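So the chains spell out like this:
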Amino acid sequence: MNVSHYKDALLKKRAELVDTAGLNSLQNSMEHNNGRQGDMADQASGNNEVHIQLRLKQTDAKILQAIDEALMRIEKGAFGLCRDCGEPIAEARLNAIPWTRVCITCKEKQKA
Ligand SMILES: [Zn+2]
């Protein structure tokens, strides 16, 4: 499996979500105000994660969380394994939803 392909997809989606939340403009304004508003930037940086969560819609925040978990699984070498049954998740499913935690079988069980 080409994990780096999924990592790229995850990072791209993550950037989209973070961009939607307006974080990028926040970061840009911090860089542009370099020095002058250093105190404000320092205060803001500690609370960035909280701000992202608040700015994001509920569903987007959940996806962002799942993306971070998926990226962690990539680091651990456990990407693409179902959280519930441990079986490999079908690549077609990973291509559609790279941040999915469970295989299609377990997903169906959740719904039932
Ligand atoms: Zn499963």
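Just so it is clear, the model here is predicted, and its values are computed rather than measured.

Rules of the game
- Residues numbered from 1 in each chain as written.
- Predicted model: local features only at pLDDT ≥ 70, side-chain atom pairs only at ≥ 80, totals over all residues.
- Heavy atoms only, no water.
- pLDDT = per-residue confidence, 0-100.
- Helix = DSSP H or I, 4+ residues; strand = E, 2+ residues; numbered from the N terminus.
- Axes fitted to C-alpha atoms, helices over the stretch in contact; angles between N-to-C directions.
- Parallel < 35°, antiparallel > 145°, perpendicular 65-115°, else oblique.
- Left-handed = near helix turned anticlockwise from the far one by under 90°.
- Contact = heavy atoms within 4.5 Å.
- Nonpolar A, V, L, I, M, F, W, Y, C, P; charged D, E, K, R; others polar.
- Donors = N, O, S within 2.8 Å, 3.2 Å for Na, K, Ca; no water.
- Tetrahedral: all angles 85-135°; square planar, octahedral: opposite > 155°, others 65-115°.
- Buried < 20%, exposed > 50% of the residue type's maximum accessible area, 1.4 Å probe, protein only.

### Focus on the confidence of the model for the chain
Point 1. Here the chain averages 81 in pLDDT, while 70% of its residues score no lower than 70.
Point 2. Across the chain, the secondary-structure element scoring lowest on mean pLDDT is helix 3 (residues 38–46), at 52, and the one scoring highest is helix 6 (residues 91–96), at 95.

### Digging into the packing of helix 1 (residues 3–20) against helix 5 (residues 58–76)
Point 1. Close contact between helix 1 and helix 5 brings their axes to 10 Å; oriented N to C, the two are set at 150°. Our classification of the angle between helix 1 and helix 5 gives roughly antiparallel. Seen from above, helix 1 lies across helix 5 with left-handed handedness. Across from V3, K7, L10, L11, K13, R14, L17 and V18 in helix 1, the residues of helix 5 making contact are D60, I63, L64, I67, D68, A70, L71, I74 and E75.
Point 2. Considering only residue class, the contact of helix 1 with helix 5 consists of eleven nonpolar, no polar and six charged.

### Re the coordination of the zinc ion
Point 1. Listed as protein donors to the zinc ion are C82 (SG), C85 (SG), C103 (SG) and C106 (SG); their distances from the metal cover 2.3 Å.
Point 2. Bound by four donor atoms, the zinc ion shows angles of 103 to 116° at the metal and therefore tetrahedral coordination geometry.
Point 3. Each donor residue of the zinc ion lies on the same chain, and together they follow the pattern C-x2-C-x17-C-x2-C. Here C85 is found in the loop between helix 5 and helix 6, whereas its partner C106 is found in helix 7 (residues 104–111), with 21 residues between them in sequence.
Point 4. Judged by relative accessible area, C106 falls into the buried class, the value being 5%.

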